Amino acid sequence: MPTCSRCGCEFDLSTARRSIGQRYGAGSYDDSFPDGDVCEDCAADEIGSDMAAGAELMDLMDWEWD
């Protein structure tokens, strides 16, 4: 089992990819972590905060999806 480069815990890579894909869209894990070295919890924290920051910027700029 691989070890997370952020927190040091062992994790199952296929489970992390599947879980993150279900939460944030297919391929989200591999797009953000192409080396596959981040556990599900650490990946969810980072991707979630990135998405929240993007949503906040859109709100501040009064920009909407077409």
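Up top is the structure these notes are about.
Residues numbered from 1 in each chain as written. Predicted model: local features only at pLDDT ≥ 70, side-chain atom pairs only at ≥ 80, totals over all residues. Heavy atoms only, no water.

Draft legend 1. Structural detail: the overall build of the protein chain. What the protein chain contains, in helices and strands, is three helices and zero strands. The order of α-helices and β-strands along the protein chain, N terminus first, is α-α-α. Taking 2.2 N^0.38 as the reference for a compact globule, 66 residues should give roughly 11 Å; the C-alpha atoms of the protein chain span a radius of gyration of 14 Å, well beyond that estimate. Along the first, second and third principal axes, the C-alpha atoms of the protein chain reach 45 × 20 × 15 Å. (Helix = DSSP H or I, 4+ residues; strand = E, 2+ residues; numbered from the N terminus. Rg over C-alpha atoms; globule rule 2.2 N^0.38 Å.)

Draft legend 2. Molecular detail of the pattern of salt bridges. Across all of its chains, the model carries three salt bridges by this definition. Arg6 is the salt-bridge partner of Glu46, the closest N and O atoms lying 2.2 Å from each other. You can see Glu46 sitting in helix α3 (residues 40-60) and its partner Arg6 sitting in the segment before α1 (13-24), a full 40 residues away along the chain. When its relative accessible area of 47% is taken as the criterion, Arg6 is described as partly exposed. One salt bridge in this structure joins Arg17 and Asp30, with 2.8 Å as the shortest N-O distance. (Salt bridge = Lys/Arg side-chain N within 4 Å of Asp/Glu carboxyl O. Buried < 20%, exposed > 50% of the residue type's maximum accessible area, 1.4 Å probe, protein only.)

Draft legend 3. Layout of the nonpolar core. Counting residues in hydrophobic clusters, the biggest one holds twelve residues: Cys4, Phe11, Ala16, Ile20, Tyr29, Phe33, Val38, Cys39, Cys42, Ala43, Ala44 and Ile47. Listed by contribution, the elements that provide at least two residues to this core are α1 and α3. Counting residues per element, this core draws most heavily on α3, at four residues. For Ala44, the contacting residues outside a window of four places in its chain are Ile20, Arg23 and Tyr24. (Core = buried A, V, L, I, M, F, W, Y, C linked by side-chain atoms within 4.5 Å. Contact = heavy atoms within 4.5 Å.)

Draft legend 4. Here's a closer look at the packing of α1 against α3. At a minimum axis distance of 10 Å, the contact between α1 and α3 shows a crossing angle of 25°. Between α1 and α3, the crossing angle belongs to the class labelled roughly parallel. As α1 packs across α3, the resulting crossing turns out to be right-handed. For the pair α1 and α3, contact is made by Thr15, Ala16, Ser19, Ile20, Arg23 and Tyr24 and by Glu40, Ala43, Ala44, Ile47, Gly48 and Met51, respectively. Looking at the contact of α1 with α3 residue by residue, the classes come out as seven nonpolar, three polar and two charged. (Axes fitted to C-alpha atoms, helices over the stretch in contact; angles between N-to-C directions. Parallel < 35°, antiparallel > 145°, perpendicular 65-115°, else oblique. Left-handed = near helix turned anticlockwise from the far one by under 90°. Nonpolar A, V, L, I, M, F, W, Y, C, P; charged D, E, K, R; others polar.)

Draft legend 5. Representation of the environment of Cys7 in the model. Topologically, Cys7 is positioned in the segment before α1. A relative accessible area of 45% places Cys7 in the partly exposed class. When residues no more than four places from it in sequence are discounted, the contact partners of Cys7 are Cys39 and Cys42.

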